[in-house]
Amino acid sequence: MDIQIEQPPVDRVRQKPQGERRGLVLINTGNGKGKSTAAFGLALRAHGRGKAVQIYQFVKVPSARFGEHRSFEQLGVPVEGLGDGFSWKSRDLDHSAELAREGWAKARQAILGGEYFMVVLDEITYPLIYGWLPLQEVLQTLRERPPQVHVVLTGRRCPQALIDLADTVTEMQLVKHAYQVGVPAQRGIED
């Protein structure tokens, strides 16, 4: 199989943006892997620069101990599970919805409080598309946040209104996945 060989660029042609620096709304969505991983990378980048970061996970349980939780704990990055796991494992979807609403109240306060440089709302699209959270309130919160606060949202099937509001949207596209040929999820890769 051949690849197209290219000459490396030698001239940097770039127009310098003239706008002011401000907090951004960033979304990672789509059916491909890496939405949360990319958001965690941003959180680590900000933390590495001494910025205050808060991560909320809308599906993970508060007692979750996945790889990211262990690493963030060691680094002193707060991550909080707000849910009770995947909806198909829930024993009480009304309870799951209540947890999402309680979690959103915490996340909303963190966003509007202005003490964090970055707030990550991991897997927030699910409680939105299930109707557990009011989309208009989320949109209003993002619009009213202090100007220095960055918010990163992740999850599949992101509502168009959020995409329209966001500054940067990345859609992860599934090209190929080991699971499709029977390889199970592996610790350290998909946890």
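Everything numeric here is computed off the predicted structure, so don't read it as measured data.

Enquirer: Just checking my understanding: could you explain unusual backbone geometry for this structure?
Expert: Peptide bonds are mostly trans, and most non-glycine residues show a negative phi. Residue E123 is not a glycine yet carries a positive backbone phi of 65 degrees. If you trace the backbone, E123 turns up in the loop between β4 (118-122) and α4 (125-129). Overall, the relative accessible area of 12% leaves E123 in the buried class. Despite not being glycine, R157 shows a phi value in the positive range, around 50 degrees. Within the element layout of this structure, R157 appears in the loop between β5 (150-154) and α6 (160-165).

Enquirer: Can you help me understand the sheet that holds strand β1 (residues 25-29) in this one?
Expert: Within a sheet, adjacent strands bond to each other through the backbone by hydrogen bonds, running parallel or antiparallel. Pairing in this open sheet of six strands is parallel, and the strands run β3-β2-β4-β5-β1-β6 from one edge to the other. Here the strands that pair on one side only, and so sit at the sheet edges, are β3 (79-81) and β6 (168-171). With direction set aside, neighbouring strand axes in the sheet form an average angle of 10 degrees. Alignment of strand β2 (residues 53-57) against β3, held across three bridges, turns out to be parallel. Bridge pairing links Y56 to E80 in β3. Against the sheet, helix α1 (residues 35-48) touches β1, β2, β4 and β5, its axis set at about 165 degrees to β4.

Enquirer: It is not clear to me how α1 should be interpreted in this structure. Could you clarify?
Expert: Every α-helical turn comprises 3.6 residues, leaving residues that sit three or four positions apart pointing alike. Helix length check: α1 (14 residues) gives 20 Å between terminal C-alpha atoms against 20 Å at 1.5 Å per residue, within 8%. Of all the positions in α1, only K35, S36, A39, F40, A43 and A46 are classed as buried. Buried residues of α1 fall within an arc of 125 degrees about the axis and therefore sit on the same side. For α1, the exposed residues lying more than 90 degrees away from the buried face are T37, R45 and G48. Packed against the buried residues of α1 are β1, β2, α2 (67-75), β4 and β5. Just downstream of α1, G50 is the residue with a positive phi angle, here 80 degrees.

Enquirer: Explain the packing of aromatic side chains to me, please; I cannot follow it from the model alone.
Expert: Each aromatic ring pair is described using two quantities: the centre-to-centre distance and the angle formed by the ring planes. Tallying each qualifying case throughout the model produces three aromatic pairs. Between F40 and F72 the ring centres are 5.5 Å apart and the planes differ by 85 degrees, which places this aromatic pair in the edge-to-face class. Placement of the pair is F40 in helix α1 and F72 in helix α2, with a sequence separation of 32 residues. The two residues F40 and F72 agree in class, both being buried. Arranged with centres 6.5 Å apart and planes meeting at 35 degrees, the rings of Y126 and Y130 form a pair that is tilted. The class for Y130 is partly exposed, based on a relative accessible area of 36%. By way of ring pairs, the aromatic residues Y126, Y130 and W132 are connected into one cluster. The ring of F66 carries K60 above its face, with NZ or CZ at 5.3 Å from the centroid.

Enquirer: Looking at this structure, how should I read the pattern of salt bridges?
Expert: As a working rule, side chains carrying opposite charge can pair if their charged atoms are close by. Applying the stated criterion to the full structure yields six salt bridges. Residue E123 pairs with K60 through a salt bridge whose shortest N-O separation is 3.8 Å. Within this pair, whereas E123 is found in the loop between β4 and α4, its partner K60 is found in the loop between β2 and α2, the two being separated by 63 residues in sequence.

What counts as what
Residues numbered from 1 in each chain as written. Predicted model: local features only at pLDDT ≥ 70, side-chain atom pairs only at ≥ 80, totals over all residues. Heavy atoms only, no water. Helix = DSSP H or I, 4+ residues; strand = E, 2+ residues; numbered from the N terminus. Buried < 20%, exposed > 50% of the residue type's maximum accessible area, 1.4 Å probe, protein only. Pairing = 2+ DSSP bridges. Axes fitted to C-alpha atoms, helices over the stretch in contact; angles between N-to-C directions. Contact = heavy atoms within 4.5 Å. Expected span 1.5 Å × (residues − 1). Arc of directions from axis to C-beta. Phe/Tyr/Trp six-rings, centres within 6.5 Å; stacked < 30°, edge-to-face > 60°. Lys NZ or Arg CZ within 6 Å of the ring centre and 35° of its normal. Salt bridge = Lys/Arg side-chain N within 4 Å of Asp/Glu carboxyl O.

Remember, this is a structural readout, not a statement about activity or role.
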